Amino acid sequence: MTQTAAAGSPRVGVLVVAYNAATTLVETLDRLPAAFRAEVDHVLLADDSSQDDTYAIGLAYRETSDLPLTVVRHEKNLGYGGNQKAGYRWAIGHGLDVVVLLHGDGQYAPEVIEDLVRPLTEGRADAVFGSRMMVRGQALKGGMPVYKYVGNRILTTFQNAMTGARLSEWHSGYRAYRVDALADLALDTYSDDFDFDTEIILGLLDAGKRVEEVPIPTYYGDEICYVNGMAYARDVARDVLRHRAGRMGFGAHRTPGAPDAYELKPSEHSSHGRLLAWLDAAPAGSVLDVGCSDGAFGALVRRAGHRVVGVDLVKHDGVGERLDDFVEADLGRGLPDAVGSGYDRVVAADVLEHVADPESLLRDLTARLADGGEILVSVPNFGHWYPRGRTAVGRFDYDSRGPLDEGHLRFFTRRSFERLVARSGLTVLERDVVGVPVDVLDRGRSGGRRVDVLRAVGAADRAAVRSWPTLFGYQLLYRLAPA
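Attention in this report is confined to the structure presented alongside it.

What counts and what doesn't
Residues numbered from 1 in each chain as written. Predicted model: local features only at pLDDT ≥ 70, side-chain atom pairs only at ≥ 80, totals over all residues. Heavy atoms only, no water. Salt bridge = Lys/Arg side-chain N within 4 Å of Asp/Glu carboxyl O. Helix = DSSP H or I, 4+ residues; strand = E, 2+ residues; numbered from the N terminus. Buried < 20%, exposed > 50% of the residue type's maximum accessible area, 1.4 Å probe, protein only. Pairing = 2+ DSSP bridges. Axes fitted to C-alpha atoms, helices over the stretch in contact; angles between N-to-C directions. Contact = heavy atoms within 4.5 Å. Parallel < 35°, antiparallel > 145°, perpendicular 65-115°, else oblique. Left-handed = near helix turned anticlockwise from the far one by under 90°. Nonpolar A, V, L, I, M, F, W, Y, C, P; charged D, E, K, R; others polar. Phe/Tyr/Trp six-rings, centres within 6.5 Å; stacked < 30°, edge-to-face > 60°. Lys NZ or Arg CZ within 6 Å of the ring centre and 35° of its normal. Arc of directions from axis to C-beta. 1 Å grid on protein atoms, 1.4 Å probe; cavity = no way out; pocket = protein on both sides within 12 Å on 5 of 7 lines; lining within 4 Å. Points joined across faces, edges and corners; volume = space filled by probe spheres on them. Right-handed = clockwise from strand over helix to strand, strands pointing away.

### Observations concerning the pattern of salt bridges
Tallied over the full model, the rule gives 30 salt bridges. Between D188 and R89 there is a salt bridge, with the nearest N and O atoms lying 2.9 Å from each other. Here the residue D188 occupies a position in the loop between α8 (179-183) and α9 (196-206), and R89 occupies one in helix α4 (residues 79-93), the gap between them amounting to 99 residues. Judged by its relative accessible area of 58%, D188 is exposed. The partner of R175 in a salt bridge is D197, with the nearest N and O atoms 4.0 Å apart.

### A look at the sheet that holds strand β5 (residues 127-131)
Remark on secondary structure: sheet strands pair via backbone hydrogen bonds, oriented parallel or antiparallel. Spatial strand order, β3-β2-β1-β4-β6-β5-β7: seven strands in an open sheet with mixed pairing. This sheet does not close on itself; its edge strands, each paired only once, are β3 (69-73) and β7 (211-215). Put simply, the sheet's adjacent strands are angled 20° from each other on average, direction ignored. Here α4 sits on the sheet in contact with β1 (12-18), β2 (42-47), β4 (98-103) and β6 (175-178), set at roughly 155° to β1.

### Examining the packing of helix α11 (residues 271-281) against helix α12 (residues 296-303)
The geometry of α11 relative to α12 is characterised by a closest axis approach of 10 Å and an angle of 25° between their N-to-C directions. In terms of their interaxial angle, α11 and α12 are classed as roughly parallel. As for how α11 packs across α12, the hand of that crossing is right-handed. Taking contact as the criterion, the partners of H272, L275, L276 and L279 in α11 are, on α12, F297, L300 and V301. When grouped by side-chain class, the residues that make up the contact of α11 with α12 number six nonpolar, one polar and no charged.

### Considerations on the pairing of strand β8 (residues 286-290)
Successive side chains on a regular strand alternate, one facing one side of the sheet and the next facing the other. Most of β8 is tucked away: five of the five residues are buried. Burial along β8 is two-sided: the residues S286, L288 and V290 and V287 and D289 are all buried. Relative to strand β9 (residues 307-312), β8 runs parallel, the two being bridged by five bridges. In the strand pairing of β9, V287 is matched with V308.

### Some thoughts on the environment of A282
Along the chain, A282 falls in the loop between α11 and β8. Judged by its relative accessible area of 14%, A282 is buried. In this view, A282 contacts H306 and R345; residues no more than four positions away in its chain are not counted.

### A word on unusual backbone geometry
With phi around 50°, N20 is a residue other than glycine that occupies positive phi space. You can see N20 is positioned in the loop between β1 and α1 (25-30).

### Thoughts on the packing of aromatic side chains
Tallied over the entire structure, the rule returns 14 aromatic pairs. A network of ring pairs unites the aromatic residues Y88, F129, Y177, Y190 and F196 as a single cluster. The cationic tip of R175 hangs over the ring face of F129; the distance from NZ or CZ to the ring centre is 4.5 Å.

### Some words on helix α5 (residues 113-121)
Of the residues making up α5, those classed as buried are I113, L116, V117, P119 and L120. Down the axis of α5, the buried set is contained in an arc of 160°. They therefore lie on one face. Residues of α5 that are buried make contact with β1, α2 (34-39), β4, β5, β6 and β7. One or two steps after α5, the chain reaches G123, where phi turns positive at roughly 80°.

### A look at empty space enclosed by the protein
Inspection of every chain in the model, using the stated rule, returns two cavities of 30 Å³ or more. Of the voids in this model, the largest cavity is the one considered here, and its volume is about 40 Å³. Surrounding the largest cavity, E353, P380, N381, F382, P403, H408, R410, F411 and F412 form its lining. Of the residues assigned to the lining of the largest cavity, the class counts are five nonpolar, two polar and two charged.

### Remarks on the sheet that holds β8
In space, the seven strands of this open sheet follow the order β10-β9-β8-β11-β12-β14-β13, with mixed pairing throughout. Here the strands that pair on one side only, and so sit at the sheet edges, are β10 (325-328) and β13 (426-434). Each neighbouring strand pair of the sheet contributes to a mean axis angle of 15°, computed without reference to strand direction. Note: β9 against β10, four bridges, orientation parallel.

### Quick word on the pairing of strand β12 (residues 369-380)
By the criterion of burial, β12 is predominantly enclosed, with nine of the 12 residues buried. Pairing of strand β11 (residues 343-349) with β12, which is carried by six bridges, proceeds in the parallel orientation. Considered in β12, the bridge of V346 is made with I375. For the segment spanning β11, helix α14 (residues 358-367) and β12, crossover handedness is right-handed.

On their own, these measurements won't tell you what the molecule is for.
Rendered as structure tokens:
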């Protein structure tokens, strides 16, 4: 039996994931509310190669039910995450607007399915999670074992701290999604195991999707749990730590929501903060911001009273309004005549490591200075413990950010950079070094209060920089002038 949604109404589907659910499947499907059954566009029952009669029972139910039900059986067990991937591909391919994940073992109440769907069909959210923790004490009253409750709370607290999210529960399997939001995620790269549910939350946060929670009742019956609790905790902790490290610039983590423009690091302990302090202390004058990105840094320089001209390969949205002038140019080919000369200060923040011939670019920058002018430079320190350690253990590779950014063509230690400065006909007026700034540690947080442990890490890192700058210094900063 089939049916279609009313014209103009969102097409809502249900993905029922089932493994050895022969004793619970019929009751679970029967518990779907009558009003929902009348409106649902389609239901996919995905039997993940069960060893019991789940598939046969699903086929028999289809023949007598009013649900528009499709029953499939995977010949090979795809895993909890793999089964969801297959189901979401089905939802995307069938042009559904909303898909609800429902477990065939009946642990999550089908009676409240409309509560999950409503924020999606009303356009308020891209994903809705049913939470057993929103109503105080409800989870334990519903029969959740104490050890599971404690583990859930510990893991959820940790995951919120690492991501900046404010979810009451990360570990509910009762979820609903806008299908177009799922289509924006790299689902095929996610785990096939139970930590798939964590990875999909991380993907939603990265992509800037709107996530809501609704309270759901807790029910624990005679269903068999196939989750290895310790392995699950290890996997989700690893996923979140890897995600956090990637947002900080360590590892090859990719985030679809990450901006193309180079991110401003406004902390006083960051390279941008130190450069701004130098410029604030200088008399108002003309500044050439080389590699200005979207002009966010240059806008702060203008606020200090300087006239700022920016140069970069790409003209980002809004850069013309943030700066006094902008010139589009490939710095690898030198500065064009349109940039002009006679600047009191030239800023090259995190630029020289991106060009094949930094000596030529430095000489070009020098030629643009007025008499008595200075060049302000920041470069990543390859002598920092992180690239040193990666190299020492034979695991050197590029990252998405940081000292091993995949866009870097040159690498500098303090000694090698100062040799470059001398070869370029420049002298060092002042040098400084910064550690990993707090705003880099917090990069990627989607909200919530700053975690105290991050402040402590930042303070400890700065103390280490003071004691051993060439090992713990994250970036090297210089004020340079013609020799």
